[in-house]
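Residues per chain are reported as follows:
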Amino acid sequence: MIDLGDAPVHRGCEIPPDLWYDVPRDVWLRPHDDGTLVLGMTDPAQTRAGKVLHILFKKVGRRIEAGQSAATIETAKWAGPFPTPVAGTVVETNADAFAADILVANRDPYGLGWLVRLQPDGWDPEAIGLITGAPAVQRYEERIDELGVSCFRCAD
């Protein structure tokens, strides 16, 4: 698990301020020193979707345009794409973690439950509408209230 330290919590939903967010798509991004980006679904997203039942990842080496699906997720309540807000090439998936524990994103959405690692074509987060820090926390608190979400995690 990633240590979230004192990440803000709103209605049970963790909102780590050090990540970049595509709020409308409920996707978080974590830039790494090697230039890659790790992407995952947010705590509100995993709560709204319900328990993950199946996930199909795009193949490593596949190039994906911004807005295209990096994986297809089937949950107890929903089935659909996991969109990437940036164009790039899939360099790694978290398929092994999901094979070992299909609920990994429900248990630890910001740590062990990440979905894909991309080598982006470019990284200009503000230009594509991503937010981070206090503005991201504020926007997510508003979104959580708008949707009436109260987050929970799957227990062992």
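Coordinates for the structure precede this section.
Please read all numbers here as calculations on a predicted model, not as lab measurements.

(A) Structural detail: the sheet that holds strand β11 (residues 116-120). With antiparallel pairing, seven strands are arranged side by side in an open sheet as β7-β10-β11-β5-β4-β3-β12. In the strand order of this sheet, the two ends are held by β7 (63-64) and β12 (131-132), each with one partner. Pairing between strand β10 (residues 88-93) and β11: five bridges, direction antiparallel. Within the sheet, the bridge partner assigned to Val90 lies in β11 and is Leu118.

(B) How the structure looks around the environment of Asp18. Residue placement: Asp18 occurs in the loop between β2 (13-14) and β3 (20-22). The exposed category is assigned to Asp18, whose relative accessible area is 58%. For the pair formed by Asp18 and Pro44, sequence separation is 26 residues and the distance between their alpha carbons is 17 Å.

Reading guide: rules and limits
Residues numbered from 1 in each chain as written. Predicted model: local features only at pLDDT ≥ 70, side-chain atom pairs only at ≥ 80, totals over all residues. Heavy atoms only, no water. Pairing = 2+ DSSP bridges. Helix = DSSP H or I, 4+ residues; strand = E, 2+ residues; numbered from the N terminus. Buried < 20%, exposed > 50% of the residue type's maximum accessible area, 1.4 Å probe, protein only.

Geometric descriptors of this kind do not, in isolation, establish any biological role.
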